[in-house]
Amino acid sequence: MGDDQSIFSMIIEGEIPCHKVYEDDLVFAFLDINPFSPGHTLVVPKESTRTLDKLSDESAEALGRVLPRISRAILRVTGAEEFNVIQNNGPNAFQSVFHVHFHIIPKMKDGRGLTFPFKSSPIDHEEAEKLATSIRELLD
Ligand code: 5GP
């Protein structure tokens, strides 16, 4: 993996499996492997850039265009009415994968979602595939 390659580049290239929910020429979105709540999605530019401040206008525009749409689909499918969008840049700012990404995290009525201290549990792949399929269908 080169300096500008990350695990997300491998997911985008299809070298590592994921539960994909959306793809266009510039953007790729898939379910987080350690979700804070069901439907926790990562929205990623295909451009391999470490932090948001380095991202091209073209990719930024493409991300801005789809974030609300993907959020709407996630809310519809999960039944959540509230959600967080977080975006971390740098290891001290909680970034662990060095490829720009936005987290869309549904806040469920039972409290699941973003909490402090942050708490996640491993993905349920069977439930995840159903969620990803439903979100993808809404976005097609
Ligand atoms: P960060 O801490 O960088 O903002 O978030 C990185 C996110 O990527 C984490 O929530 C982590 O669970 C997720 N993640 C890391 N590796 C993988 C992977 O291989 N597949 C998926 N679907 N998510 C991943």
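Residues numbered from 1 in each chain as written. Predicted model: local features only at pLDDT ≥ 70, side-chain atom pairs only at ≥ 80, totals over all residues. Heavy atoms only, no water.

**Notes on the nonpolar core**
At step 1: Core analysis: the biggest nonpolar cluster contains 23 residues, and Val-21, Tyr-22, Val-27, Leu-31, Val-43, Ile-70 and Ile-135 have the highest contact counts within it.
At step 2: Considering each element in turn, this core owes the most residues, 7 residues, to helix α2 (residues 57–78).
At step 3: Counting residues in hydrophobic clusters, the runner-up holds 8 residues, among them Phe-8, Ile-11, Phe-28 and Val-44. (Core = buried A, V, L, I, M, F, W, Y, C linked by side-chain atoms within 4.5 Å. Buried < 20%, exposed > 50% of the residue type's maximum accessible area, 1.4 Å probe, protein only. Helix = DSSP H or I, 4+ residues; strand = E, 2+ residues; numbered from the N terminus.)

**Digging into the site of the ligand**
At step 1: Around the ligand, a shell composed of 16 residues is seen, among which Asp-32, Phe-94, Ser-96, His-101 and His-103 lie nearest.
At step 2: Burial of the ligand by the surrounding chains reaches 83%, relative to a free accessible area of 520 Å².
At step 3: Secondary-structure elements contributing two or more residues to the shell around the ligand are α1 (7–12) and β2 (27–31).
At step 4: The dominant element in the shell around the ligand, judged by the number of residues it contributes, is α1, at 3 residues.
At step 5: When the residues that make up the shell around the ligand are grouped by side-chain class, the tally is 9 nonpolar, 6 polar and 1 charged. (Near = heavy atom within 4 Å. Areas by Shrake-Rupley, 256 points an atom, 1.4 Å probe, with all protein chains shown as cover. Nonpolar A, V, L, I, M, F, W, Y, C, P; charged D, E, K, R; others polar.)

**Focus: the packing of aromatic side chains**
At step 1: Counted according to the given criterion, the structure contains 2 aromatic pairs.
At step 2: Aromatic pair Phe-8 and Phe-30: ring centres 5.4 Å apart, planes at 75°, arrangement edge-to-face. A residue pair is termed long-range when its members are at least 10 positions apart, and Phe-8 in helix α1 and Phe-30 in strand β2 qualify at 22 residues.
At step 3: A residue is classified by how much of its surface remains accessible, and Phe-30, at 3% relative accessible area, is buried.
At step 4: Between Phe-28 and Phe-30, the aromatic rings sit 6.0 Å apart at their centres with planes inclined by 55°, giving tilted as the arrangement. (Phe/Tyr/Trp six-rings, centres within 6.5 Å; stacked < 30°, edge-to-face > 60°.)

**Some points on the pattern of salt bridges**
At step 1: Counting across every chain of the model gives 7 salt bridges.
At step 2: For Lys-46, the salt bridge goes to Glu-23, with nearest N and O atoms at 2.7 Å. In this pair, Lys-46 sits in the loop between β3 (41–45) and α2 while Glu-23 sits in strand β1 (residues 20–23), placing the two residues 23 residues apart along the sequence.
At step 3: A salt bridge links Asp-53 to Lys-54; its shortest N-O distance comes to 2.9 Å.
At step 4: Overall, Asp-53 belongs to the exposed group, its relative accessible area being 59%.
At step 5: A residue is classified by how much of its surface remains accessible, and Lys-54, at 58% relative accessible area, is exposed.
At step 6: A single salt-bridge network, built from bridges that share partners, covers Lys-20, Glu-23 and Lys-46. (Salt bridge = Lys/Arg side-chain N within 4 Å of Asp/Glu carboxyl O.)

**Focus: the sheet that holds β1**
At step 1: Pairing is antiparallel across the open sheet formed by 5 strands, whose spatial order is β1-β2-β3-β5-β4. Each edge of the open sheet carries a strand with a single partner, namely β1 and β4 (82–86). Strand after strand, the sheet turns through a mean of 15° between neighbouring axes, direction not considered.
At step 2: Here β3 runs beside strand β5 (residues 102–107); their pairing, made up of 3 bridges, is antiparallel. Residue pairing for β5: Thr-41 is matched across the bridge by Ile-104.
At step 3: Strands β1, β2, β3, β4 and β5 of the sheet are contacted by α2, whose axis makes an angle of about 165° with β3.
At step 4: Seen against the sheet, helix α3 (residues 125–139) touches β1 and β2 and runs at an angle of roughly 25° to β1. (Pairing = 2+ DSSP bridges. Axes fitted to C-alpha atoms, helices over the stretch in contact; angles between N-to-C directions. Contact = heavy atoms within 4.5 Å.)

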